[in-house]
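What the coordinates show
If you want the building blocks of each chain, they are given just below.
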Amino acid sequence: MVASNEVRLFGMWASPACREEARKAFYMEGEEKENSIENLQVQLKALDEQLEGKKFFYGDHIGYTDLAVGWMAFWLGVAEEVAGFKANHEAKFPHFARWIKDFLQEPVIKENLPTHEKTVDFFRAFRQLGGCGKMNQK
């Protein structure tokens, strides 16, 4: 089992790396989009490996890393739906897929998320406002 400090550092590394690749996949098209999906899948594989044999990154309870990468449990699927890409495959990342289900069923998480429909509407509007041209502006 990974020591808690190592898991915490892993969460600090994984969340920004995944967020950046998801953002690119959300806005970009063509080869750039495909590259970002591949890079995101490398990150998802690392997360999946950390979850093997555990309900959450710390074991049976939500910890720092779960919260740091928790946005992916809900928002990544919506981004995939709106932008027409698929990075998270249950067959490729079974531990991560199970973690998503477990994480989203936790009362503190479940009771504080917006509806899927409202989130999809928001992401569609957000993507239309941002457009691919804004992706290159920092």
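Below you will find a few notes about this structure. (Residues numbered from 1 in each chain as written. Predicted model: local features only at pLDDT ≥ 70, side-chain atom pairs only at ≥ 80, totals over all residues. Heavy atoms only, no water.)

Quick word on the packing of helix 4 (residues 71-83) against helix 7 (residues 116-130)
Packed helices, taken two at a time, are described by the angle between their axes plus the distance between the axes. In the contact formed by helix 4 and helix 7, the axes pass within 9 Å of each other and the chain directions differ by 55 degrees. Considered as vectors, helix 4 and helix 7 are oriented oblique to each other. Read as a crossing pair, helix 4 and helix 7 show a hand that is right-handed. Contacts between helix 4 and helix 7 involve Phe74, Trp75, Val78, Ala79, Glu81, Val82 and Ala83 from the former and His116, Thr119, Val120, Phe123, Arg124 and Arg127 from the latter. Of the residues assigned to the contact of helix 4 with helix 7, the class counts are eight nonpolar, two polar and three charged. (Axes fitted to C-alpha atoms, helices over the stretch in contact; angles between N-to-C directions. Helix = DSSP H or I, 4+ residues; strand = E, 2+ residues; numbered from the N terminus. Parallel < 35°, antiparallel > 145°, perpendicular 65-115°, else oblique. Left-handed = near helix turned anticlockwise from the far one by under 90°. Contact = heavy atoms within 4.5 Å. Nonpolar A, V, L, I, M, F, W, Y, C, P; charged D, E, K, R; others polar.)

Thoughts on the packing of helix 2 (residues 30-51) against helix 4
At a minimum axis separation of 14 Å, helix 2 and helix 4 run at an interaxial angle of 155 degrees. Viewed along their axes, helix 2 and helix 4 adopt a mutual orientation that is roughly antiparallel. Between helix 2 and helix 4 the crossing geometry is left-handed. For the pair helix 2 and helix 4, the contacting residues are Lys33, Leu40, Leu44 and Leu47 in the first and Met72, Leu76 and Ala83 in the second. For the contact of helix 2 with helix 4, a count of residues per class yields six nonpolar, no polar and one charged.

A closer look at the packing of aromatic side chains
On inspection of all chains with the given rule, the structure shows 10 aromatic pairs. The interplanar angle of 10 degrees and the centroid separation of 5.6 Å between the aromatic rings of Trp75 and Phe123 together place this pair among those described as stacked. You can see Trp75 sitting in helix 4 and its partner Phe123 sitting in helix 7, a full 48 residues away along the chain. Classification of Trp75 as partly exposed rests on a relative accessible area of 28%. Through successive ring pairs, a cluster of aromatic residues spans Phe26, Tyr27, Phe74, Trp75, Phe122, Phe123 and Phe126. A cation sits over an aromatic face here: Arg127 above Phe26, 5.6 Å from the ring centre. (Phe/Tyr/Trp six-rings, centres within 6.5 Å; stacked < 30°, edge-to-face > 60°. Buried < 20%, exposed > 50% of the residue type's maximum accessible area, 1.4 Å probe, protein only. Lys NZ or Arg CZ within 6 Å of the ring centre and 35° of its normal.)

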